[in-house]
Amino acid sequence: MSNSQIPRVLSGMRPTGQLHLGNYHGALRNWIELQQSHDGYFFVADWHALTTGYEDTSQLQANIRSMLIDWLAAGLDPQRVTIFIQSQVPEHAELHLLLSMVTPLGWLERVPTFKDQQVQLKDRDLATYGFLGYPLLQSADILLYRPGFVPVGEDQVAHVEITREVARRFNHLYGGGPEFEVRIRQALKLLSGADRATYQELRRTYQETGRAEALDGIRDLLERQPPRVDAAARALLVDYPHGASARILPEPQVLLTRTPKVPGLDGRKMSKSYGNTIGLREDPDVVARKLRTMQTDPARVRREDPGEPTKCPVWDLHQIYSDEPTREWAAAGCRSAGIGCLDCKKPVVDAIVGEVTRMRERARPFEQDPGSLDELVRDGARRAREVAGATLADVRRVMHLTREGAP
Ligand code: SF4
């Protein structure tokens with residue numbers, strides 16, 4: 001459940017249809033771990049799918065639903081986190097538009113994936129406004145929820161960096177001025193008299209001595225506040241000791257996700273484009289068959305030939321699915337030719353088949369009752385819009401797009 005006291009994380013995924021084990025270990029498993037300790041917002045980035053796949057959108061709805069079911073099957077829990085579809089929260093589009101007014105073109109042109117993807121996806125015309133702007137749409141996606149952290153892999157760090165730059169620029173342009181003082185006064189009024197005095201004392205200490213403990217004291221004080229001291233007021237009061245401008249859009253931190261290597265059936269990276277995947281909800285018999293015929297160390301032509309686990313993709317699966325004694329058994333058996341490849345694969349086959357079977361069971365209620373999925377994302381969009389709407393109200397106000405005091 002949403003909780004303002006625990007750190008918020010936000011992440012999204014483009015709807016590409018059925019997910020495979022590479023997607024699961026690459027991002028989804030991390031989300032599921034994060035939901036235990038964070039206030040999670042996870043969204044289907046359907047507008048992002050259009051930035052490179054705008055010509056044929058006929059599969060978009062099917063892909064969205066399939067991916068949502070995969071998330072739930074993998075264990076993402078809508079009781080703990082907010083799951084929604086980007087296009088059902090129009091605030092993303094408005095913030096994207098407003099940020100586009102202040103973002104220099106050069107920032108977008110130098111995002112590494114801008115040039116890379118144009119080269120990689122040569123068959124598509126990506127000389128579009130939407131494609132150039134997609135990192136900024138991502139910035140809007142993130143900043144709307146004012147998350148503390150964005151879980152990303154190495155390749156996405158540049159996107160979070162541009163988000164931080166955009167936030168900094170926005171705050172610099174619109175976070176100061178006399179209005180800031182008014183807002184500070186309003187935020188301070190939300191504290192009790194005693195807490196207000198403690199806050200002012202800590203702020204003075206920090207400004208006079210620069211001691212980090214004073215800032216920690218302020219954070220502790222704010223963490224103890226009741227819900228009426230909302231996220232915006234807390235962000236303001238955390239910033240106030242630093243100077244006279246507000247972080248309307250706080251800069252998120254990167255939460256680097258370490259991902260295991262997930263080999264496909266042919267030994268290359270698991271990827272839909274290589275046709276070497278195992279789907280999260282694939283038939284267990286098919287999964288077992290695929291794994292039994294999976295590529296191994298090419299040096300093991302016959303049963304009696306010794307092999308080298310580090311040259312075998314099955315070994316990478318052992319890293320993910322097997323415990324230490326099993327790995328030792330597999331490595332020793334491989335190098336001595338004491339076991340055959342089918343023996344070696346068995347623990348991996350059992351683990352993956354078990355995992356896929358559990359996911360299929362968790363998916364079944366949503367497959368059987370499509371309305372429950374609609375309801376789930378409707379509720380997610382409602383919850384997301386509450387947070388996004390509050391941020392956008394602040395953004396509109398500081399940009400003077402709403403009249404001060406207007407309802
Ligand atoms: S015994 Fe195991 S690690 Fe060795 S080649 Fe066969 S499958 Fe790979």
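What you see is a predicted model, and the numbers here were worked out from it, not measured in a lab. (Residues numbered from 1 in each chain as written. Predicted model: local features only at pLDDT ≥ 70, side-chain atom pairs only at ≥ 80, totals over all residues. Heavy atoms only, no water.)

The next subject is the overall build of the protein. Scanning the protein from terminus to terminus reveals 18 helices and 5 strands. Reported as C-alpha extents along the three principal axes, the dimensions of the protein are approximately 80 × 50 × 45 Å. When the 407 residues of the protein are sorted by exposure, 49% land in the buried category. In the protein, the share of contacts with a sequence separation of at least 24, taken over all contacts with a separation of at least 6, comes to 78%. (Helix = DSSP H or I, 4+ residues; strand = E, 2+ residues; numbered from the N terminus. Buried < 20%, exposed > 50% of the residue type's maximum accessible area, 1.4 Å probe, protein only. Contact = heavy atoms within 4.5 Å.)

So, on to the side chain of Thr-52. By secondary structure assignment, the location of Thr-52 is in helix H2 (residues 46-52). Within polar-contact distance, the side chain of Thr-52 engages the side chain of Arg-14 at 3.1 Å. (Polar contact = N/O pair within 3.5 Å; in protein donor to acceptor, adjacent residues only side chain to side chain.)

Turning to the packing of aromatic side chains, a few remarks are in order. Using the criterion set out here, one finds 7 aromatic pairs in the structure. With a centroid separation of 4.9 Å and an interplanar angle of 50°, the aromatic rings of Phe-170 and Tyr-174 are classed as tilted. Residue Phe-170 and its partner Tyr-174 are both found in helix H9 (residues 157-174); the two are separated by 4 residues, about one turn of the helix. When its relative accessible area of 0% is taken as the criterion, Phe-170 is described as buried. (Phe/Tyr/Trp six-rings, centres within 6.5 Å; stacked < 30°, edge-to-face > 60°.)

Looking at the ligand, the residues that line it are Thr-296, Asp-297, Arg-300, Pro-309, Cys-312, Val-314, Cys-334, Cys-341 and Cys-344. The site holding the ligand turns out to be the largest cavity. Grouping the amino acids of the shell around the ligand by side-chain chemistry returns 6 nonpolar, 1 polar and 2 charged. (Near = heavy atom within 4 Å. 1 Å grid on protein atoms, 1.4 Å probe; cavity = no way out; pocket = protein on both sides within 12 Å on 5 of 7 lines; lining within 4 Å. Sits in = over half its atoms within 2 Å of the grid points. Nonpolar A, V, L, I, M, F, W, Y, C, P; charged D, E, K, R; others polar.)

A word on the environment of Phe-84. Position of Phe-84 among the secondary structure elements: in strand S3 (residues 82-85). Residue Phe-84 is classed as buried on the basis of its relative accessible area of 0%. Separated by 10 residues in the primary sequence, Phe-84 and Glu-94 place their C-alpha atoms 17 Å from one another. Apart from the residues lying within four places of it in its own chain, the contact partners of Phe-84 are Tyr-41, Phe-42, Phe-43, Val-44, Val-89, His-92, Tyr-145, Gly-380, Ala-381 and Ala-384.

The contact between helix H17 (residues 341-368) and helix H18 (residues 370-398) brings their axes to 4 Å, and the two run at 95°. One finds that H17 runs roughly perpendicular with respect to H18. Each of Pro-365, Phe-366, Glu-367 and Gln-368 in H17 lies in contact with H18, whose residues at this interface are Pro-370, Ser-372, Leu-373 and Leu-376. Residue composition of the contact of H17 with H18, grouped by class: 5 nonpolar, 2 polar and 1 charged. (Axes fitted to C-alpha atoms, helices over the stretch in contact; angles between N-to-C directions. Parallel < 35°, antiparallel > 145°, perpendicular 65-115°, else oblique.)

Attention now moves to empty space enclosed by the protein. Scanning the model with the defined rule gives 2 cavities of 30 Å³ or more in all. Together, 13 residues line the largest cavity, and Cys-312, Val-314, Cys-334, Cys-341 and Cys-344 are the ones closest to its centre. Of all elements in the fold, only helix H15 (313-321), helix H16 (324-335) and H17 reach the threshold of two or more residues within the lining of the largest cavity. By volume, the second largest cavity amounts to about 30 Å³. Arg-146, Arg-183, Ala-232, Ala-235, Leu-236, Arg-247, Ile-248 and Asp-394 together form the lining of the second largest cavity. The biggest single contributor to the lining of the second largest cavity is helix H13 (residues 231-239), with 3 residues. Here the residues of the lining of the second largest cavity are counted per class, giving 4 nonpolar, no polar and 4 charged. (Points joined across faces, edges and corners; volume = space filled by probe spheres on them.)

What follows deals with the pattern of salt bridges. Under the counting rule described, the total for this entry stands at 27 salt bridges. Glu-251 is the partner of Arg-168 in a salt bridge, and the nearest nitrogen-oxygen pair spans 3.1 Å. Here the residue Arg-168 occupies a position in helix H9, and Glu-251 occupies one in the loop between H13 and strand S5 (253-256), the gap between them amounting to 83 residues. Classification of Arg-168 as partly exposed rests on a relative accessible area of 40%. Assessed through its relative accessible area of 22%, Glu-251 is described here as partly exposed. A salt bridge links Lys-261 to Asp-316, with the shortest nitrogen-to-oxygen separation between them at 3.6 Å. Separated by 55 residues along the polypeptide, Lys-261 in the loop between S5 and helix H14 (284-292) and Asp-316 in helix H15 bring together distant segments of the chain. Taking the relative accessible area as the measure of exposure, Lys-261 reaches 59% and is therefore exposed. With a relative accessible area of 17%, Asp-316 lands in the buried category. Each of Glu-161, Arg-164, Arg-168 and Glu-251 takes part in one network of salt bridges that share partners. (Salt bridge = Lys/Arg side-chain N within 4 Å of Asp/Glu carboxyl O.)

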